Amino acid sequence: MRNVFSAPVSTELLSELPRRRSAVLRFAMDEPLGALGLVVIVASVLLTLFAPLIAPYDPLANDYGAAVQAPSALHWLGTDSFGRDIFSRVLYGGRTALLIGVTASFIGCTIGALLGIGSAYFGGWMDLILERFMEILLAIPITVLALVLVSTLGRDMMLGIDVNLVFAIALPIIPKMARVARSQALSMRRMSYVDAARTLGFGHFRIIALHMAPNIFGPYIVMLTAFVSQAILIEASLSYLGLGVVEPTPSWGLMLAGNAFNTAMTAPWIVIFPGLAIAIVIFAFSMFGDALRDLLDPKSNRDR
Amino acid sequence: MQALWTTAETATRDSIAKFPAESRKSARVSDVMVSAAKAVLADDSGTAPAAVAPLLSVRDLHVQFVSQDALLNAVRGISYDVHAGEVVALVGESGCGKSVSSLAVMRLLPGDGATRFTGAAELNGKDYFALPEEAMRRLRGRDIAMIFQEPMTSLNPLLTIGRQIIEPMLEHLDMTMKDAERRAVELLTKVGVTDPERRMHQYPHEFSGGMRQRAMIAIALACNPKVIIADEPTTALDVTIQAQILELLRGLVDELGVGLVLITHNLGLVARYADRVHVMYAGRIVESGSSAQVLEQPRHRYTIGLLGAVPHLDQPRQERLKNIPGQPPSLRCLPSGCAFRLRCEAATKVCAASPGRAGDGGHSFACFHPGDLRRPIDNPTGTETRGGKADTGIALRVRGLSKDFHLGKGATVRALQAIDFDVPEGGTLGLVGESGCGKTTVARTLLRLEEATAGSADYLGHDMLSATKAEVTQLRQQVQVVYQDPHTSLNPRHRIGHALAEPLLVHGLCKSKAEAAGRVEELLGLVGLPADMATRYPHQMSGGQRQRVGIARALGMNPKFIILDEPVSALDVSIQAQVMNLLADLQSQLGLSYLLIAHDLAVIRHISDRVAVMYLGRIVETGTASELFEAPRHPYTQALLASVPALADVGRARRQGIAVKGELPSPLDPPSGCVFRTRCPLASAECARVVPAPVAFSETHHVACIKV
Amino acid sequence: MIRYVISRLLLSIPTLLGVATLIFFMLNVLPGDAVETMLRAEGGNPTPELVASERARLGLDRPILVQYGDFLSGLATFDLGTSSWTGKPVVEEIALRLPVTLQVAVLAMLLALAIAIPLGTIAGVYHETWIDYAIRSFAIGGIALPSFWFGMLIALVMLWYFNWLPPLGSPSLFDDPLRLLQQLALPAIAIGYRYAAILIRMMRSSVIEVMHEDFVRTARAKGLRAGHIIRRHVIPNSLLPTITMIGLEFALLIGSLVVIEQVFSLNGIGRLFLDAVSRSDLAIIQGIVMVLTVIFVVVNLLVDFAYAAIDPRIKLA
């Protein structure tokens, strides 16, 4: 019988095991899924960045003569009921998804991290108020909060993105990141190096910015990656419900909306490919995020 | 003895292929050892083994950890026997392989590719290393049981204590639930848990640390095992509780005739409680013998060094500890031959060729150049008395320092209650007490990391407790601190050079980066570190080196006064001695005043001029080091001193009774009157009524007790 | 335990009050005139007089704080106001749709738990073996597939291969449970998969972590059987973080509920919400957010109680 218990061996002994040299190679060896995720992320960023060069058709151009065509040499992924080329629309939809996903996650995580660290460092009433506020935000289910926000804020386009949509997706991320940052910062406050910094007479700003923040950078990056996939998912959901990106902007969620499902009963490619695109990108960000977490947190042994 | 070295192979290489040949050889050696051990034990003490054959016999045990590109030899061929009614100690510093070897003996190491262990282990003459896992499982807990280091984490938090004691009985003994419950109550009574019927149904979090360790012992005893392995059973506990637990274990060994393997780093425990000792270094046993032989006439150079490095309670003053230079070798690249030779002043070429082999049942040692010292600790050199420091000035005068923590719901912990003490200028005040007595809170309030509730702390005319923000910034240059845990006191993301230079630049002590770099080099030199350490990160250094950096960082501000918060408690004995010597040197070089906070009385004894003993937020006794250690007055101080196992205790002081009964009361609900009365042998009704005022026995010696 | 339950219930009241306040001001103070949007949605180009009279009818012309006070006192009596679209009480509108939504949610949750706890445990116990890889691949699928798309796919597959679509209408749990199950199975699977995947991963990692705990080593040193150790020591301790996760991730489940109702044309709260959004029916939006929040908070309370039931350390705290 296989011994399912790999007994705890003195960690100080194991820490003596030498680290392999090349960081990239190590990452690829230890975290093959994470490495695959990274490759997919890089590939999708490149594909969407150079979408105008790659896309064979204008994603917005209707061509009723070529409506609902199955994948072929001409239209690699087929066409929709307006005759628009699905491959081109998926590429441009990726632009929307990545842009909104990354921006929303970045905004949410950055604000959340700053609030979390500040809350933990200063403590007292400030911590109390922020904590209560975060608790209230957390009590509203994330998609519902985003839905309420987009429905009340309306649209506000800036540089081609709906700022209000980004804000609506970013807001629910803030309390989650703040929670993580706060607990990290609190455990860091128990480390004597923060006490040491105080007894050396350093100012609050120096301690937070130079002594604490860098040590939260790891969890920050991990959460950032994880929330990109969540933001993309919410963007797709909102667009699917007709509350996110609006026609004619190509968006994966939007490509599945309306009567796409009914059309798909006879022309499945109309729903398969946009959904697959969402799944692949979410997969990539999730796996990459997991791998980063394992790498940065030696205690997490999910894949050990 | 000399003859035995000739039987040792000239160059032992640790390779799996060689194991069979080696074990044959050591089996022959072991026969000699067994019979010799019997002879020694027979006249050693009253605890003669009941059976001639050893209960547990470990032969040529090797443990290796394999990673993709490295092989760690954690244990390299150790052999020992345990007889009935005998306590056998495996002693050594961290990383020497003592704990790993015990897991291997229990066969608790994973049997996968990453860990290999070979050798033989016999229980009652039966080699169980060859048994299949299922048969081994039946042996574990029934014939051979184990007690672990951390009573906090070694019990399942979700099951009652009783349930956890009963589990092995139901598994191994074919008992009914009712019988098992009855036996669990018996066992709890036996290990000194009062009110066992009720406490059986409690959960681990409702038990104190000492009580949990008693419960662990009850679990180990559940099936009447022949051998118990105790892996640092008291390291996580306070000294008075440690004494209680070991008295209990020793008593059980004598009463039940089990064999006990005691794994520890504490030589004092070995002296007081063990019959035989095996000293380990870098995965090998370097010296074996009865406790008296090894501790009083150590021969191996490492043992001699180790014994010299231990600070002693009975050592009247602060002579330099004889430390061992350097660091223990990394298991990744062990030196050939004797692993200790790189730190050994007597090493010659022959040491590099072969590790030597411990043989000779009575007293054996794997050393080509054995030292021959009677009690190496008895040759004080360069004695210099520091007792006269008492009449110098006072650096810090603390009066009425109190600190309350409000926990909400109206609950208040009175962590400090009107503490008074003086730190002599250019000298050291040692503040000693067990965990929870409030000694760290003293440091935190003085440093203004916490605000004191009341009191004053006069430092050269400034009250540190009421100083304004600007004054605090000023004071922080003069008053510095060295923290306990070298692992957390340095920011993991800052290089050592940066960590040392940053305060210098921020406070304008150095005008330019270049100037700061020069000063950093100077500071590193001051604490005995090479200048190139500046480019390292904390995780690239050992604990002792990090602690030196922590000291250097404090020195960078040119302080006059340093608070040392448990500066050596996280370090191994030999490294501890290095750091203590460094602190003593710096004090005399730079004229520093120290407030030393520690739980280890021997460390306090070694560096302090004056000592204050704390108990539950109050100071119960103060005095000069000699007054307090030679003529302690307060019953708590006396108990504390009696609890500390000292090297001088070999064979003598054992079973003299438990020093202090019971455990620390909850600080949320401290006893009225004298806080110590609940555990005090002298306590009377009056003690509950009045808070004792300090009684002066001399100008310096004050005791807060109405019974003295 | 009872004191713990009561204190937790009382503690959730300020949170709910906070949510009510937040949502109220979000909807009423943020830019955009709801009445105008609503009238536009009815068609035509409303005159300013019409807008004003409509505002007066809905009580929206009063000072915002008065409206807020009204809203709060309404909440206290479970009166969420009236829908500006249908004119019926919000409570009634919601009560009509709530059962479907709740049934899908409960079904999805049960499904997810039934899958996740055994699979997560197996993956954790046999980690780094093929069985672990298989379970993890299954879980990765659940993480990556958007549930509304996954719902579409399984519906399409059922249609193509079995020529079967979930029945329409609103069957009752008591009269026709089988038909109800047929109707709700696919949406529950679609959203339960993602939920299960998250829980599998959590359970797996906590099992691995717990297997390294000191007390598991103690249990092994006692010579207990592997199966016994896993059942009595590993699983209960691993359940603790997983249970917390069940509560937290329930928020995602609610989110996907809103979307999945659209895919399967279920007449639940999600549909009502979307309709209300398109008609700017503020009372309904507020009401639904409050109801969903209450559900989320209640689930988290239940989770806390389950936690306290397993962990004896909680009761003292």
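Here, every reference points to the structure presented above.
Residues numbered from 1 in each chain as written. Chains lettered and ligands numbered in written order. Predicted model: local features only at pLDDT ≥ 70, side-chain atom pairs only at ≥ 80, totals over all residues. Heavy atoms only, no water.

Our next topic: the overall build of chain A. Along chain A, the regular secondary structure elements total 14 helices and two strands. Counting every position in chain A, which comprises 304 residues, the buried fraction comes to 57%. In chain A, 67% of the contacts between residues at least 6 apart in sequence involve partners at least 24 apart. (Helix = DSSP H or I, 4+ residues; strand = E, 2+ residues; numbered from the N terminus. Buried < 20%, exposed > 50% of the residue type's maximum accessible area, 1.4 Å probe, protein only. Contact = heavy atoms within 4.5 Å.)

Judged by nonpolar contacts, the single largest core of 173 residues is most densely connected at Leu56, Tyr80 and Tyr128 of chain B. Residue contributions to this core peak at nine residues, all from helix H9 (residues 239–256) of chain B. In this structure, this core is formed jointly by two domains, domain 2 (81–281) and domain 3 (284–378) of chain B, each of which donates at least three residues. Listed in part, the 165 residues of the second largest apolar core include Ile142 and Ala260 of chain A together with Phe273 and Leu292 of chain C. (Core = buried A, V, L, I, M, F, W, Y, C linked by side-chain atoms within 4.5 Å. Domains from an automatic or database assignment.)

This paragraph deals with the pattern of salt bridges. For the structure shown, the criterion picks out 40 salt bridges over all chains. One salt bridge in this structure joins Asp80 of chain A and Arg84 of chain A, with 3.1 Å as the shortest N-O distance. Accessibility expressed as a relative area gives 9% for Asp80 of chain A, which makes it buried. Residue Arg84 of chain A is classed as buried on the basis of its relative accessible area of 7%. Residue Glu566 of chain B pairs with Lys439 of chain B through a salt bridge whose shortest N-O separation is 3.9 Å. Taken together, the residues span a long stretch of sequence, with Glu566 of chain B in the loop between strand S18 (561–565) and helix H19 (573–590) and Lys439 of chain B in helix H14 (residues 439–446) at a distance of 127 residues. Note on accessibility: Glu566 of chain B and Lys439 of chain B belong to one class, buried. Via salt bridges that share partners, Asp127, Glu131, Arg132, Glu135, Arg179 and Arg182 of chain A belong to a single interconnected network. (Salt bridge = Lys/Arg side-chain N within 4 Å of Asp/Glu carboxyl O.)

Here we take up a nonpolar patch on the surface. Residue and element names in this part refer to chain A. A grouping of Leu38, Val42, Val45, Leu46, Leu47, Leu49, Phe50, Leu53 and Ile54 is seen on the molecular surface, where their side chains present a nonpolar patch of about 780 Å² in accessible area. Of all the secondary structure elements, the ones that give two or more residues to the nonpolar patch are helix H3 (32–49) and helix H4 (51–54). Broken down by element, the nonpolar patch gets its largest block of residues, six residues, from H3. (Patch = residues over 30% accessible without salt bridge, like charges linked within 9 Å, V, L, I, M, F, W, Y side chains within 5 Å. Areas by Shrake-Rupley, 256 points an atom, 1.4 Å probe, with all protein chains shown as cover.)

This paragraph deals with the side chain of Arg76 of chain B. All names here are of chain B. Residue position: Arg76 is located in strand S2 (residues 70–82). Its relative accessible area of 6% is what places Arg76 among the buried residues. Within the structure, Arg76 has its side chain in polar contact with the backbone oxygen of Ala282 (distance 3.0 Å). (Polar contact = N/O pair within 3.5 Å; in protein donor to acceptor, adjacent residues only side chain to side chain.)

Moving on to empty space enclosed by the protein. Evaluation of the coordinates by the stated rule reveals 17 cavities of 30 Å³ or more. Put simply, the second largest cavity is a space of about 130 Å³. What lines the second largest cavity is Thr143, Leu233, Ile234 and Ser237 of chain A together with Pro146, Ser147, Phe148, Arg194, Leu252, Gly255, Ser256 and Val259 of chain C. Among the secondary structure elements, those contributing two or more residues to the lining of the second largest cavity are helix H11 (204–240) of chain A together with helix H7 (147–162) and helix H10 (226–263) of chain C. (1 Å grid on protein atoms, 1.4 Å probe; cavity = no way out; pocket = protein on both sides within 12 Å on 5 of 7 lines; lining within 4 Å. Points joined across faces, edges and corners; volume = space filled by probe spheres on them.)

Residues and elements named next belong to chain B. Spatial ordering of the open sheet is given by S6-S7-S8-S3-S9-S10-S11, a layout of seven strands whose pairing is mixed. Each end of this open sheet is capped by a strand with a single partner; those strands are strand S6 (144–147) and strand S11 (364–365). With four bridges joining them, strand S3 (residues 87–91) and strand S9 (residues 276–281) adopt parallel strand pairing. Residue pairing for S9: Leu90 is matched across the bridge by His278. Sheet contacts for helix H12 (residues 301–309): S9 and strand S10 (284–290); angle to S9, the most-contacted strand, approximately 100 degrees. (Pairing = 2+ DSSP bridges. Axes fitted to C-alpha atoms, helices over the stretch in contact; angles between N-to-C directions.)

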